[in-house]
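Residue-level structure breakdown
So you can see what is in the structure, the chains are spelled out below.
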Amino acid sequence: MPTLNIIQAVNDALRQEMRRDPTVVILGEDVGKFGGVFRASQGLQEEFGKDRVIDTPLAESGVIGTAVGMALYGLRPVPEIQFADFIFPAMDQIVSEVAKFRYRSGGQYTCPMVIRTPYGGGIRGGHYHSQSPEAHFIHTAGLKVVVPSNPHDAKGLLTSAIRDPDPVLFFEPKRMYRAARGEVPDGEVVVPIGKARVTREGRHVTLIAWGAMWHEADQAAREAADLGIECEVLDLRTLQPLDIDAIVESVQKTGRAVVVHEAPRTCGFGAEISALIQERCFLHLEAPVARVTGFDTPFPYTLESEYLPRAPRILKAVREVMAF
Amino acid sequence: MTDPVNVPGRWEREFPLQTVIEEDGSADPARVTLTDAKALDLFRWMILSREMDERMVQLQRQGRIAFYIGAIGEEATVLGTVAGMEERDWLFPSYREHAGALYRGMPFVTFVCDLLGNAGDRMLGHQMPCHEAWAPGRFVSISAPIATQVPQAVGAAWAARIRGDDMVSLTWFGEGATSANDFHTGANFAGVHKVPVIMVCRNNGWAISVPRELQTASETIAQKAVAYGIHGERVDGNDLLAVHAATQRARVRAASGLGPTLLECVTYRVEGHSTSDDPRAYRGAEEVDAWRDRDPILRLGRYLTWRKLLPPDEVEALRAEARERIRRAVEDAETFAPKPSIQTLFQGVYAEPLWQQREQLDELRAAVAEDPRTSHPR
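Residues numbered from 1 in each chain as written. Chains lettered and ligands numbered in written order. Predicted model: local features only at pLDDT ≥ 70, side-chain atom pairs only at ≥ 80, totals over all residues. Heavy atoms only, no water.

With that settled, the discussion passes to the overall build of chain A. If you tally the helices and strands in chain A, you get 12 helices and 14 strands. For 324 residues, the compact-globule formula gives about 20 Å, and the C-alpha radius of gyration of chain A, at 19 Å, lands near that figure. The dimensions of chain A, computed from C-alpha atoms along their principal axes, are 60 × 45 × 40 Å. Taking all 324 residues of chain A together, 65% fall into the buried category. Of the contacts made within chain A by residues no fewer than 6 positions apart, 82% connect residues no fewer than 24 positions apart. (Helix = DSSP H or I, 4+ residues; strand = E, 2+ residues; numbered from the N terminus. Rg over C-alpha atoms; globule rule 2.2 N^0.38 Å. Buried < 20%, exposed > 50% of the residue type's maximum accessible area, 1.4 Å probe, protein only. Contact = heavy atoms within 4.5 Å.)

By definition, the strands of a sheet pair up through backbone hydrogen bonds, in either a parallel or an antiparallel sense. The strand order across the open sheet formed by 5 strands is β1-β2-β3-β7-β6 (chain B), and the pairing between neighbours is parallel. Two strands bound the open sheet, and with one partner strand each, they are β1 (91-92) and β6 (231-236) of chain B. (Pairing = 2+ DSSP bridges.)

Moving on: the confidence of the model for chain B. For chain B, the mean per-residue pLDDT works out to 96, and 100% of the residues sit at or above 70. The complex model carries a pTM of 0.97, and its ipTM stands at 0.97. (pLDDT = per-residue confidence, 0-100.)

What follows concerns unusual backbone geometry. The step from glutamine 240 of chain A to proline 241 of chain A runs through a cis peptide bond, and the omega angle for that step is 0 degrees. Structurally, the position occupied by proline 241 of chain A is in the loop between β12 (238-240) and α9 (244-254). Despite not being glycine, lysine 308 of chain B shows a phi value in the positive range, around 60 degrees. Checked against the element boundaries, lysine 308 of chain B lands in the loop between α11 (296-306) and α12 (314-333).

Quick look at the sheet that holds strand β10 (residues 205-209) of chain A now. Residues and elements named next belong to chain A. The strand order across the open sheet built from 5 strands is β9-β11-β10-β13-β14, with neighbouring strands paired in mixed fashion. Edge positions in the sheet fall to β9 (197-200) and β14 (290-294), since each of these pairs with one other strand and no more. Across the sheet, the mean angle separating the axes of adjacent strands is 25 degrees when strand polarity is ignored. Relative to strand β11 (residues 231-235), β9 is paired through 3 bridges, and the arrangement is antiparallel. Each bridged residue has a counterpart across the sheet, and for arginine 200 the counterpart in β11 is valine 233. Contacting β9, β10, β11 and β13 (257-264), helix α8 (residues 212-226) runs over the sheet at an angle of about 170 degrees to β11. (Axes fitted to C-alpha atoms, helices over the stretch in contact; angles between N-to-C directions.)

Here we take up the packing of aromatic side chains. Under the criterion given, the structure shown has 18 aromatic pairs over all chains. Consider the rings of phenylalanine 38 of chain A and phenylalanine 83 of chain A, whose centres lie 5.3 Å apart with planes at 65 degrees: the pair is edge-to-face. With phenylalanine 38 of chain A in the loop between β2 (24-28) and α2 (44-48) and phenylalanine 83 of chain A in the loop between β4 (76-80) and α4 (91-98), the pair connects residues that are 45 residues apart, well separated along the chain. The exposure classification of phenylalanine 38 of chain A matches that of phenylalanine 83 of chain A, with both residues buried. On the basis of an interplanar angle of 85 degrees and a centroid distance of 6.3 Å, the ring pair of phenylalanine 183 of chain B and tyrosine 228 of chain B is categorised as edge-to-face. Within this pair, whereas phenylalanine 183 of chain B is found in helix α7 (residues 181-192), its partner tyrosine 228 of chain B is found in helix α8 (residues 224-228), the two being separated by 45 residues in sequence. (Phe/Tyr/Trp six-rings, centres within 6.5 Å; stacked < 30°, edge-to-face > 60°.)

This paragraph deals with the nonpolar core. In terms of nonpolar packing, the biggest core is built from 134 residues, with Ile64, Leu207, Leu236 and Val258 of chain A touching the most fellow members. With residues up to four places along the chain from it excluded, the contact list for leucine 207 of chain A reads Ala217, Ala221, Cys231, Glu232, Val233, Leu234, Val258, Ile314 and Val318 of chain A. Residues Leu40, Val78, Leu79 and Ala329 of chain B belong to the second largest nonpolar core, which totals 69 residues. (Core = buried A, V, L, I, M, F, W, Y, C linked by side-chain atoms within 4.5 Å.)

Another point: the interface of chain B and chain A. Taken together, the 49 residues of chain B in the interface contact 45 residues of chain A. Interface area for chain B against chain A, summed over the two sides, is near 3800 Å², with a carbon-plus-sulfur share of 62%. Per-residue buried area on chain B facing chain A is highest for Phe189, Tyr350 and Trp355 of chain B; these three make up 17% of the total on that side. At the boundary of chain B with chain A, the tally comes to 1 salt bridge. The residue glutamate 359 of chain B makes a salt bridge to arginine 280 of chain A at a minimum N-O spacing of 2.7 Å. Taken together, chain B and chain A are joined by 26 residue pairs in polar contact (both at pLDDT 80 or more). Every element with two or more residues in the side of chain B that touches chain A is listed here: α6 (149-163), α7 and α13 (355-370) of chain B. Element by element, the count of residues in the side of chain B that touches chain A is highest for α6 of chain B, at 10 residues. In terms of residue class, the side of chain B that touches chain A is made up of 28 nonpolar, 15 polar and 6 charged. (Buried area = accessible area lost by both parts, 1.4 Å probe. Salt bridge = Lys/Arg side-chain N within 4 Å of Asp/Glu carboxyl O. Polar contact = N/O pair within 3.5 Å; in protein donor to acceptor, adjacent residues only side chain to side chain. Nonpolar A, V, L, I, M, F, W, Y, C, P; charged D, E, K, R; others polar.)

Another aspect to go through is the domain arrangement of chain A. All names here are of chain A. Here chain A is partitioned into domain 1 (3-183) and domain 2 (197-323). With centres defined by C-alpha atoms, the gap from domain 1 to domain 2 works out at 26 Å. Domain 1 puts 29 residues into the contact, and the matching count from domain 2 is 26 residues. Contact between domain 1 and domain 2 buries roughly 2200 Å² in total, counting both sides, with carbon and sulfur atoms accounting for 55%. Our count for the domain 1 to domain 2 interface comes out at 2 salt bridges. (Domains from an automatic or database assignment.)

Time to look at the pairing of β2 of chain A. All names here are of chain A. Taking burial as the measure, the 5 residues of β2 include 5 buried ones, the bulk of the element. Of the two faces of β2, the one holding Val24, Ile26 and Gly28 and the one holding Val25 and Leu27 are both buried throughout. Here 5 bridges tie β2 to β4, and the two strands are oriented parallel to one another. Within the sheet, the bridge partner assigned to isoleucine 26 lies in β4 and is valine 78. Of the pairings in the sheet, the one linking β2 to strand β3 (residues 53-55) comprises 3 bridges and is parallel in character. Bridge assignment links isoleucine 26 to a residue of β3, and that residue is valine 53.

Together, Glu22, Glu23, Asp24 and Asp28 of chain B make up a negatively charged patch on the protein surface. Position of glutamate 23 of chain B relative to the elements: it lies in the loop between α1 (10-14) and α2 (36-61). (Patch = residues over 30% accessible without salt bridge, like charges linked within 9 Å, V, L, I, M, F, W, Y side chains within 5 Å. Areas by Shrake-Rupley, 256 points an atom, 1.4 Å probe, with all protein chains shown as cover. Lys, Arg positive; Asp, Glu negative; His and termini not counted. Charge placed at Lys NZ, Arg CZ, Asp CG, Glu CD.)

All right, on to the side chain of arginine 283 of chain B then. All names here are of chain B. Note that arginine 283 resides in the loop between β7 (261-266) and α10 (285-292). Among the polar contacts made by the side chain of arginine 283, one reaches the main-chain carbonyl oxygen of valine 270 at a distance of 2.9 Å. Here the side chain of arginine 283 touches glutamate 271 through a polar contact of 3.2 Å, landing on its backbone oxygen. Non-local contacts of arginine 283, meaning those with residues more than four positions away in its chain, are made with Trp206, Tyr268, Arg269, Val270, Glu271 and Val288.

This is the structure:
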C-alpha cells in the first residue's frame, strides 16, 4: 500500500473521481496549468483537459458563482478557494445561493459541489493565510462541512463529498498537507460523511478535535498517559452533519470533555459541542466541558505558537478537568 | 474646463439606441424578426403581464398577499427577450420577470399559490412572493441578493458548452446590479472564456430610490461591455420588436462561438420598486407621465394597428380575457389550504434531513400540540 501525504491523497481522490464521473470538473485560481499553489490538482489538466480543469480569473465569487451554474446544469464542480481566508468574497454565493437552492426552489434545483480550501495556521501566514472559518458554514443550513486530519481520510472523505447530493465545504489542514503521511489504498477509498472516529480509547477524558488539531490532541493524550491520565481521542472528521452519537457515547463513559479548535473561542464550534454535551450528558459530567481554542483576536503572525491550541495547553486543560 | 475624454454623447453615439417600431407604428419589414401571429401572441402576453401586475398589487393592498414586485412598463423587455430565445435555453431571472416564467409554462394558478405561500406553493412556502422557480421551463430560482444570478448564468452556459449542448443562457438584472460585484465577475468570466450567455440589463432608471445617474458615471450601460472584451448593444426596451431582434442576434452570436453579449434595454420603472415602496417620495410626476406616453403596450399596439392586425375593440377584449384568466387563477389558488404542512419547514434543506432537523421537527410538533398559539401569527 502506498504511503501518501494529504496533498497526494487529495490529488488521488480528484483523479479517481474524474475518471469515474465525466461530470466532475475542477475550477479555481492557478488550479490548471500550474496544478494549484499547493499542487492539489497537479497533472489533472494534462489528463482531463482545459474544459475539466479550469484556470479562472482571480475572483472567488466568480469561481463559486459559475460553479453554481455548472452544478444546476448537471456538472459536479469541485471549485478550489486558494486559502480559506479568501473565501469571503464568495460568501454571498455560498450562503445566499449554494446553501439555499434546494430549499428555496422546493427541490426543483439542487446545487451539489465540493468547495475545497486549505485552512488553518502554523505556517507563518499571518491572518490572511491562517484562519479557520468553519463555524460560519456550519451555521448556514444547507451546507455540509468536512475536515480530514490524515491522508486516508482526505481521500475517502473527498470521494464521498464529490458523490454527495448536497454542497460540501471541504477544509484541508494546510499545516499537515505534507507533514501527515500514511498508508492509503490505491483503489477506491470511501469514508462516510457524518462518522467520527475514535483514534485512541481511554476512560478519563474525551478529547474532541478535527483537522490539524487532532494531531495536537493526540500528542496531548500521549503526554497525559505518562501522567496516568487515559484520554479518549475523537477525530470528528465531519462537523456537519455532526456525529453526536459518538460524542455522547464517549463523554458518558469518561464524564469529562475537552474540545479543541483553532478558530476563536467565542461562537466557535466548540461552543455548540459544549452545549450539546451538557444537554445530553449532564448527569454524567464530572467537570465543566473545557475548550482549548484560538483566542478572540485576528490570527497573529509572530505569536502564532501562543495562539494555536497546541499540546501543552491541551494537556493543561486535561489536568484541570481531572482536578475539578 | 471641458473634459477632452468624457465628451458628452460620445458613448450614446457609439452605442445608439436601436428602435424598430416608429412613432407612427410603422416598421421597416427588413428589421422585423417576428411573424404577425407571434407579434400578436406577445401582445396578448404583455397585456396579461400588465393586468396581472395591477391585480396583484390590489391583492396586496387588500392583505391577501404579503408583497408584490412587478414589471409595469417593462413588459417589452421581459417578453421580447424570452421570446427571442430557444425553448431549451436557461433563464436566470432577477425578480421582475414573472411573465417569463408563465411564458415558459408555469401554470398561472401555481404562480398565484407561490404569492400566497399556501399548500399549492411549488416552493413549499420557503420564499416570499415573487421568488418563483419553474424547472420544467428552465426558469431558474429567484433570490433577492443583487446580481448573484449573473455568474450562475455564465456557469450554466459554460457547462452546456463543455457537454456539447446547443444551449445559450440568458440572465436579467437591473441597472443597479451593474454596480454589484457579481455583475463584473460574471461579465469578466464570460468574456475570458467566451461563454455563450446573454446578459440583459433592464435599465429602468431607478434602483428603489436611487436614479441611474447615481449608479454609474458611464453614459450607457452597454459601453461597459468594451472593458470586458465582449459585445454590447443598446436597444429601446419599450420596443418589443427591437428587443426581440437584438436578443435573436445575441443568441446567434453566442451559439456560433462568438461569446457573450451585454444587452442594455432602456426602459422605465413606471410604478414603485415594489408594494413596499412609494416613489412619490423621491421623483416627480412629470418624469413618470412622460414615460407613460412611451408605454410598450401602446407602442406594439400601434404597430399591430399599422399591420391591420388589431381591430378597434380588440385591446379591450384582450384585457377582459386576461382579467378573466387572472380571476380564475386567483380563485383556484385560494382553494388550497393556507399553509403547507409543518414538516415542509424542514424539507429540502438537505437531500435527507439531518438529526438536528428531525429532532427540531419533533420539538416543534410537541410545542404546537401543547399550545396551538405556536402556529398563530402574532
